[in-house]
Amino acid sequence: MSPKLPRLTSKQLIKVLRKNGWEHARTTGSHIIMSNPETKRIVSVPQHNRVMSIGTLNRILKDAGIDRSQL
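Residues numbered from 1 in each chain as written. Predicted model: local features only at pLDDT ≥ 70, side-chain atom pairs only at ≥ 80, totals over all residues. Heavy atoms only, no water.

Participant: Would you explain the sheet that holds strand β2 (residues 31-36) in this entry?
Facilitator: Sheet strands pair by backbone hydrogen bonding; their relative direction is either parallel or antiparallel. Overall, antiparallel pairing links the 3 strands, which are arranged β1-β2-β3 in an open sheet. Across the chains shown, the open sheet's two edge strands, defined by having one partner strand only, are β1 (23-28) and β3 (41-46). For this sheet, the mean inter-axis angle between neighbouring strands, taken without regard to orientation, is 25°. Pairing geometry for β1 and β2, over 5 bridges, is antiparallel. Residue pairing in the sheet places Thr27 in a bridge with Ile32 of β2. In the packing of helix α1 (residues 10-19) onto the sheet, the strands contacted are β1, β2 and β3, and the crossing angle to β3 comes to about 160°. (Pairing = 2+ DSSP bridges. Helix = DSSP H or I, 4+ residues; strand = E, 2+ residues; numbered from the N terminus. Axes fitted to C-alpha atoms, helices over the stretch in contact; angles between N-to-C directions. Contact = heavy atoms within 4.5 Å.)

Next up, the structure:
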């Protein structure tokens, strides 16, 4: 059984992304665009000062190629 996904804010998620090689590319409105120079991937992280919904968090992690165990 996979571990339960923790509830994260955008700040916490950005920390996880940076640990995994992601860099801040730009800010567009209330979203932070992160890019990975190795994989050439881009993800958008909403910055709304609240806990992210599970679906949004799952999609960002999947797009970033990050496993739940790395949180």
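We are not done yet, so read on.
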